[in-house]
Amino acid sequence: MTISDRIRVKDVRPLSKGHFSFNAVTFDWKRDDGQWQTQNREVLDRGDAAALLPYNLDGRSVVLVKQFRYPAYANGHDDLLIEAAAGLLDDASPEQRIRLEAEEETGYRLHEVRKIFEAFMSPGALTEKIHFFVAEYDPSMRVGAGGGLAHEGEEIEVLELPFDEALAMIDDGRIVDAKTIMLLQYAALRIFSGAT
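Before going into details, it helps to say that this report is about the structure given with it. Note that this is a predicted model, so its numbers are computed, not measured. (Residues numbered from 1 in each chain as written. Predicted model: local features only at pLDDT ≥ 70, side-chain atom pairs only at ≥ 80, totals over all residues. Heavy atoms only, no water.)

1. Quick word on helix α3 (residues 94–106)
Note: α-helices contain 3.6 residues per turn, so residues at a spacing of three or four share the same orientation.
Then, in step 1: For α3, spanning 13 residues, the distance from its first C-alpha to its last is 17 Å, which sits close to the expected 18 Å at 1.5 Å a residue.
Then, in step 2: Looking at α3, one finds that the buried residues are P94, R97, I98, E101, A102, E105 and T106. When α3 is viewed along its axis, its buried side chains cluster within an angular range of 135° and face the same direction.
Then, in step 3: The positive-phi residue at the C-terminal boundary of α3 is G107, with phi of around 85°. (Helix = DSSP H or I, 4+ residues; strand = E, 2+ residues; numbered from the N terminus. Expected span 1.5 Å × (residues − 1). Buried < 20%, exposed > 50% of the residue type's maximum accessible area, 1.4 Å probe, protein only. Arc of directions from axis to C-beta.)

2. Points about a nonpolar patch on the surface
Then, in step 1: Where nonpolar side chains cluster on the molecular surface, the patch consists of F68, Y70, Y73 and L80 and spans about 440 Å² of accessible area.
Then, in step 2: Inspection of the secondary structure assignment puts Y73 in helix α2 (residues 70–74).
Then, in step 3: We classify Y73 as partly exposed; its relative accessible area is 43%. (Patch = residues over 30% accessible without salt bridge, like charges linked within 9 Å, V, L, I, M, F, W, Y side chains within 5 Å. Areas by Shrake-Rupley, 256 points an atom, 1.4 Å probe, with all protein chains shown as cover. Salt bridge = Lys/Arg side-chain N within 4 Å of Asp/Glu carboxyl O.)

3. Let's talk about the sheet that holds strand β3 (residues 36–45)
Backbone-to-backbone hydrogen bonds join strands into a sheet, with any given pair of strands oriented parallel or antiparallel.
Then, in step 1: The strand order β1-β2-β3 describes an open sheet built from three strands, whose pairing is antiparallel. The outermost strands of the open sheet, each flanked by one partner alone, are β1 (7–17) and β3. Each adjacent strand pair in this sheet contributes to an overall mean axis angle of 20°, direction not counted.
Then, in step 2: As paired strands, strand β2 (residues 21–30) and β3 are joined by 10 bridges and run antiparallel to one another. Looking at the pairing, F27 lines up with Q39 of β3. (Pairing = 2+ DSSP bridges. Axes fitted to C-alpha atoms, helices over the stretch in contact; angles between N-to-C directions.)

Below, the structure is given as structure tokens:
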């Protein structure tokens, strides 16, 4: 039996149609005991995204970005958010999008990007799936200042950090963005674990 055999969508009612779609969904769900149960959920569809951690093994460093995020501020984070470069796919492939975002946000034109996994970040409410990438960088790949696109409201500071400092920023609360934490922990386990 597949999930499609266990669900009957009864109604999808738009609540908002702006940059993202926000819908009220009513569906019947077949429980493990065979009984059907009607459930209601509010679902935000913002599209899928891609995120990237550029790393330099020789310098034992990573490139992150720092910017204002209103939703984080509204939830009590009174500081700029330190994050991995990322962006919505907007009809591009994950690899195409992350290459563009990396150059727009960090100023680096990366040679080879490697996809490491995909993950749903908040599957109870969001449809969004993030495609996670890593890429080696060196100073010669810097083709611009980065900083994002002003007409999109971006005002991004580029941070090149020692990897160990970036990890410490998770522990002391300076890095609180989930995708960034996941990428840094991946790097600790798979990229920098053998590097000294």
